[in-house]
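Overview (structure and organization)
The primary structure of each chain is shown beneath.
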Amino acid sequence: MGDVKLAFIVQKPQYKGETSRLAITHAISYQTVEILLEDGDTVTPKLCFIGEGVLGLQGKQNAMELYGITSTESHMKNSLLVDLDVLICKEDLAKYGISESEMPDAEDMGADKKIQIVPFAEIQKAMEEAKHVLFF
Amino acid sequence: MGMLTIGCFPGLVGNMTYDFALKLADAAVTKGHKVNIWFSGNATGSIKAHQKHLKDYSTGEKHLKALIEKGVEICTCEACTVARGIMKTEGIEGVQWNAMHWYLAKIHASDRVLQIGGE
């Protein structure tokens, strides 16, 4: 069957429910899915944040220090570390007045990938190219 | 016939979304389709055995057992489940326990996927 492309579309803020976080962790799990697939089969997700889903993604989060739990920032970094394509809607960041420079990177962890801040048209393209689109 | 995978994230009690997911699964498997259900988030609370079916509340156990009997593969996210204090020994027999890659593997083989979001 080869590669199956997926688009994970996060529309809800990370702080408003569990499912936005689960979108990230489910996308990250593409790293280990091959143990359950036939040789040559792969899953390639793109993790996209649109609408209110762009809220709460900023860097410098202190969830571990204050609440003893991992932060959204740490999940974003882990996504980059496993070479996941992370797309954030440029227009929606602007809509909420969030600076693009506030988005975290994972350079300190040695990740090559960076968060991609893209026009919605790019996210639309990711959805069109995907076999399945999953909304969170 | 095709393969349908349903990602079910809402809690059992407090909405009808969970009930809808199970009804849909039943309709699909009855038509002859292969059906997989992945529970994550609050939906994982529904795999605990010995649920008392009070008529004011939705119930999972009876329907899950019936779906398993019909050949539906049902799997719960182990991390989400144990985080809610439910251990494997307390789960409904026949429900599989695995990690999130189970869901992605089923998606890989599926003709259609329905991601049913939760709280």
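The structure contained in this document is the topic of the report that follows. Nothing here was measured: the structure is a model prediction, and the numbers come from that model.

1. Things to note about the packing of helix α1 (residues 17-30) of chain B against helix α2 (residues 61-69) of chain B
All names here are of chain B. Following both chains from N to C, one finds α1 and α2 inclined at 20°, their axes separated by 10 Å at the closest point. With respect to α2, the axis of α1 lies roughly parallel. The crossing of α1 and α2 is left-handed. Side by side, α1 and α2 meet where Y18, L22, A25 and D26 of the first sit next to H63, L64 and L67 of the second. For the contact of α1 with α2, the class distribution of residues is five nonpolar, one polar and one charged.

2. Topic: the pattern of salt bridges
Residues and elements named next belong to chain B. Tallied over the full model, the rule gives 11 salt bridges over all chains. Close ionic contact of E73 with K34 constitutes a salt bridge, the shortest N to O distance being 3.2 Å. Note that E73 is positioned in strand β3 (residues 73-77) and K34 in strand β2 (residues 34-39), a separation of 39 residues in sequence. When its relative accessible area of 21% is taken as the criterion, E73 is described as partly exposed. As a salt-bridge pair, E61 and K65 come within 3.3 Å of each other at their nearest N and O atoms. Placement of the pair is E61 and K65 together in helix α2, with a separation of four residues, close to one helical turn. Judged by relative accessible area, which is 44%, K65 ranks as partly exposed. Taken together, the salt bridges that share partners define one network made up of K34, E73 and K106.

Cut-offs and rules
Residues numbered from 1 in each chain as written. Chains lettered and ligands numbered in written order. Predicted model: local features only at pLDDT ≥ 70, side-chain atom pairs only at ≥ 80, totals over all residues. Heavy atoms only, no water. Axes fitted to C-alpha atoms, helices over the stretch in contact; angles between N-to-C directions. Helix = DSSP H or I, 4+ residues; strand = E, 2+ residues; numbered from the N terminus. Parallel < 35°, antiparallel > 145°, perpendicular 65-115°, else oblique. Left-handed = near helix turned anticlockwise from the far one by under 90°. Contact = heavy atoms within 4.5 Å. Nonpolar A, V, L, I, M, F, W, Y, C, P; charged D, E, K, R; others polar. Salt bridge = Lys/Arg side-chain N within 4 Å of Asp/Glu carboxyl O. Buried < 20%, exposed > 50% of the residue type's maximum accessible area, 1.4 Å probe, protein only.

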